[in-house]
Amino acid sequence: MKRSPLALFAGLYLIFLYAPIILLPLFAFNDGTIIAFPLRGFTLGWFADLANTPALHEATLNSLIIACSVAVLATCLGLFAARAVTRYKFPLKGGILGFIMLPLVLPEVIVAISLLVVLMQLGINASIFTIILGHTLLCMPFAIAILQGSFAGLDVSLEEAAVDLGETRAGAFRLVILPIVTPGIIASLLICFIISLDEFIIAFFLSGNEPTLPVYLWGQLRFPARLPVVMALGTILVTLSIVLLIVADIFRRRGLRRTGQSETGGFL
Amino acid sequence: MISPPLIYALLLLAVPLLTIILFSFWTQNFLTIDRTFTVANYAEALTDPLYRELMLRSLRIAGLVTAATVILAFPIAYFISFHVKPEKKALWLFLITIPFWTSYLIRIFLWRVILAYDGPVNGTLLELGIIDEPLSWILYNANAVVITLAHAFAPFAILPIFVSLEKIDRSLLEAARDLGEATTMTFIRVTLPLAMPGVLAAVLIVFIPTVGDYVTPRLVGGSGGTMIANMIYVQIFDLSNRPMGATLAVLAMLTVTITLAWFILHIRFWVHLSDRVGGGMLGLVLAVVAAVIDIAIVRWVFLHGPDWFGPAGSLGVLAAIMGGGAVLIALFVPKGRWGI
């Protein structure tokens, strides 16, 4: 790599990208109630405060229930779509896939209010269940994108060989295909978990009186005195996301290698 | 095999979208909803200066965000594709996507901290003696929204541009240079046109969601940075006027679709202009000038049209200009290189 103006720009750009994430822990460990420089010294007090906030624990539990359910649901639905798209030809394939992928580009507010209006009209109260429905819709495109990667390099003859040797279709899928795409499935589960855990808009519109972590955070942003605690909570969330993301990426690459594809970086 | 996800998407996406379209033709009658079919909501949304201003501002902010994001993203994508060793590309892309996977809410909130009156940006600039007093134009207004969203959507712009740059056959660049083209001209006449599909994809992926962003205007926008999504929220939750909220949502989607269709058709025109003078620097300048004039005309009619032609009339004039232009371009300008 040459030392060119372009490299310098790339460096500055990375700083721009990471600025919020670098500042976050600084304020979370800072012994001062005001979120501003100069820093005042090191404390773990804000993290300790997190431990004795019951409302927060409730929100965390809600978020975990939602994120786990969404990860499983979206990945299952994603499996169907990814296998159908890579294995079979059917009419309107592009259109159907495009429609399922639509939540990727649609403004979230539109998705959220249309879901809300329908649920209100049906008399279904906003709850954890409605958030799970909304998040699954949002995570499905990501699950499909990741799983498509694992299915794409799959050799059809492997499955055919299993069927020729006397396995049923379902048996062949379970014994031959599933083990090969397992890393992709794990990556998809983790990514859907992260998206659901961090998602705010749909949760905000559909949560009713069962807030998720981001909705709880949003409520706390109004109280200046609570901001250091918010920073501490944010630090935990961001660290969790990054750790899960790295694990997910390791699995995704392993999956690609299993089917003999080259590793091109990053999701999406 | 496709059916479970398709049924899911139909039930939770198509049905709700159709429902809000239906809702937009109803009206709120205090506590009940009047289900007589009417276009009153649309008439109000399209003529009330407040809604028009919010819609235009949302489009302007989204346009600025898109421009800023794509212009900043291009050199990065170019750097990764052309200057980073192949085995390190994956790492770079991973580094760029990591921030995207962390909590959106927290990232946006931290921009409020960064841009604050006593925040690190002002602190550093004061320290360095670049400014004498803290900048006040970087928080609680449209600028702050643009900066913050340009950060939030960075990976969405970098990845498609990177993909299209990776697809460029490197021997084409060598050929251009062997034939005596300078490095800059090679870039303008070979690399840039070949990377345009990626740039267009980036524009679409950034523009559509940013028009409807809710969190950023609320956290860093102040009163001058409020956008259409905030108004939709106010209508539905604070004013309990769900039909009006639905109408604004439908209009927002329509406006985005029309704007993008107009934009894509006009790109054909701008590229055609550029090609007519042989491309290169002159072509680039000409295309940009044409783009600025085109956008200025539409914006002027939208803003000042009501004074001249009345609220409804101005929409007619706008439709005539945009539709007429589109038809002319579709009929007389040949399809460009990128199939648009």
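What follows covers the overall build of chain A. The secondary structure content of chain A amounts to 11 helices and 0 strands. Listed N to C, the secondary structure of chain A is α-α-α-α-α-α-α-α-α-α-α in terms of helices and strands. Across its three principal directions, the C-alpha atoms of chain A cover 70 × 60 × 30 Å. Looking at chain A as a whole, 45% of its 268 residues are labelled buried. Considering only contacts in chain A between residues 6 or more positions apart, those separated by 24 or more positions represent 78%.

All right, on to the overall build of chain B then. A tally of regular secondary structure across chain B gives 15 helices and 2 strands. With the C-alpha coordinates of chain B rotated into their principal frame, the extents come out at 75 × 55 × 55 Å. Split into buried and exposed, the 340 residues of chain B put 38% on the buried side. Put simply, of all contacts in chain B between residues at least 6 apart along the chain, 69% involve residues at least 24 apart.

Before going further, it helps to examine the interface of chain B and chain A. Each side of the interface is counted separately: chain B has 68 residues, and chain A has 65 residues. Tallying contributions element by element places helix H1 (residues 3-23) of chain B first for the side of chain B that touches chain A, with 13 residues. Residue classes in the side of chain B that touches chain A are distributed as 53 nonpolar, 10 polar and 5 charged.

Quick look at the packing of helix H3 (residues 54-87) of chain A against helix H6 (residues 128-152) of chain A now. The relative placement of two packed helices comes down to the angle between their axes together with the axis-to-axis distance. All names here are of chain A. Across the interface, H3 lies against H6 with an axial gap of 6 Å and an inter-helix angle of 40°. Taken together, the axis directions place H3 and H6 in an arrangement best described as oblique. For the element pair H3 and H6, the recorded crossing hand is right-handed. Class assignment for the residues of the contact of H3 with H6 results in 20 nonpolar, 8 polar and 1 charged.

When the terminal C-alpha atoms of helix H8 (residues 154-167) of chain B are compared, their 21 Å separation across 14 residues agrees well with the 20 Å that a helix rising 1.5 Å per residue should span. For H8(B), the set of buried residues is B:Ala154, B:Pro155, B:Phe156, B:Ala157, B:Ile158, B:Leu159, B:Pro160, B:Ile161, B:Phe162 and B:Leu165.

Turning to the confidence of the model for chain B, a few remarks are in order. All names here are of chain B. For chain B, the mean per-residue pLDDT works out to 85, and 98% of the residues sit at or above 70. Across chain B, helix H3 (residues 49-82) holds the top mean pLDDT of 91, while strand S2 (residues 32-34) sits lowest at 77. Across the assembled chains, the prediction reports ipTM 0.82 with pTM 0.86.

Before going further, it helps to spend a moment on the packing of helix H2 (residues 40-47) of chain B against helix H13 (residues 242-276) of chain B. Residues and elements named next belong to chain B. Taken N-terminus to C-terminus, the directions of H2 and H13 make an angle of 60°; their axes are 10 Å apart at the nearest point. When you trace H2 past H13, the crossing you get is right-handed. Contacts between H2 and H13 involve Asn 41, Tyr 42 and Ala 45 from the former and Pro 243, Met 244, Thr 247, Leu 248 and Leu 251 from the latter. When its residues are assigned to classes, the contact of H2 with H13 shows 6 nonpolar, 2 polar and no charged.

In this structure, A:Ile113, A:Cys192 and B:Ile161 are the most contacted members of the largest nonpolar core, which totals 167 residues. Excluding anything up to four places from it in sequence, B:Ile161 contacts B:Ala73, B:Phe74, B:Ala77, B:Ala195, B:Gly198, B:Val199 and B:Ala202.

Moving on to unusual backbone geometry. Working note: non-glycine residues mostly have negative phi, and peptide bonds are mostly trans. Residues and elements named next belong to chain B. Positive phi, normally seen in glycine, also occurs at Tyr 140, with a value near 60°. Looking at where Tyr 140 falls in the secondary structure, it is placed in the loop between helix H6 (120-127) and helix H7 (142-152). One non-glycine residue, Ser 240, adopts positive backbone phi at about 50°. With respect to the helices and strands, Ser 240 occurs in the loop between helix H12 (228-238) and H13.

What follows covers the environment of A:Leu240. Looking at where A:Leu240 falls in the secondary structure, it is placed in helix H11 (residues 227-258). In this structure the C-alpha to C-alpha distance between A:Leu240 and A:Ala225, which are 15 residues apart in sequence, comes to 25 Å.

All names here are of chain B. Position of Met 196 relative to the elements: it lies in helix H10 (residues 183-211). In this structure Met 196 comes out as partly exposed when scored by C-beta crowding, with 18 C-beta atoms within 10 Å. Sequence separation of Met 196 and Ile 161 is 35 residues, and the distance between their C-alpha atoms is 7.9 Å.

Residues and elements named next belong to chain B. Here Asn 41 lies in helix H2. According to the C-beta neighbour criterion, Asn 41 is buried, with 24 such atoms within 10 Å. For the pair Asn 41 and Ala 246, spaced 205 residues apart in sequence, the C-alpha to C-alpha distance is 9.3 Å.

About the criteria used
- Here, residues in each chain are numbered from 1, in the same order as that chain's written sequence.
- Lettering of chains starts at A and numbering of ligands starts at 1, both following the order in which they are written.
- Owing to the predicted nature of the model, reporting of local features is limited to residues with pLDDT of at least 70; listing and counting of side-chain atom pairs is limited to 80 or more, with chain, interface and lining totals taken over all residues.
- Secondary structure elements are defined from DSSP: runs of H or I of at least 4 residues count as helices, runs of E of at least 2 residues count as strands, and each element is numbered from the N terminus.
- Three exposure classes are used, all based on how many other C-beta atoms lie within 10 Å of a residue's own C-beta (placed from the backbone): buried at 20 or more, exposed at 12 or fewer, and partly exposed between those limits.
- Once C-beta atoms have been placed from the backbone, residue pairs whose C-beta atoms lie within 7 Å are recorded as contacts.
- Residues were grouped as follows: Ala, Val, Leu, Ile, Met, Phe, Trp, Tyr, Cys and Pro as nonpolar; Asp, Glu, Lys and Arg as charged; and all remaining residues, including Gly, as polar.
- To obtain an axis, a line is fitted to C-alpha atoms, over the contacting stretch when the element is a helix, and the angle between two such axes runs from 0 to 180 degrees between their N-to-C directions.
- Geometric relationships in this document are graded by angle, where less than 35 degrees denotes roughly parallel, more than 145 denotes roughly antiparallel, 65 to 115 denotes roughly perpendicular, and other angles denote oblique.
- Handedness of each helix crossing follows the sense of rotation of the near helix against the far helix: counterclockwise by less than a right angle gives left-handed, clockwise gives right-handed.
- Any helix carries an expected span of 1.5 Å times its number of residues minus one.
- For every residue, the predictor states its confidence as a pLDDT score lying anywhere from 0 to 100.
- By definition, a nonpolar core groups buried Ala, Val, Leu, Ile, Met, Phe, Trp, Tyr and Cys residues that are joined through C-beta atoms within 7 Å.

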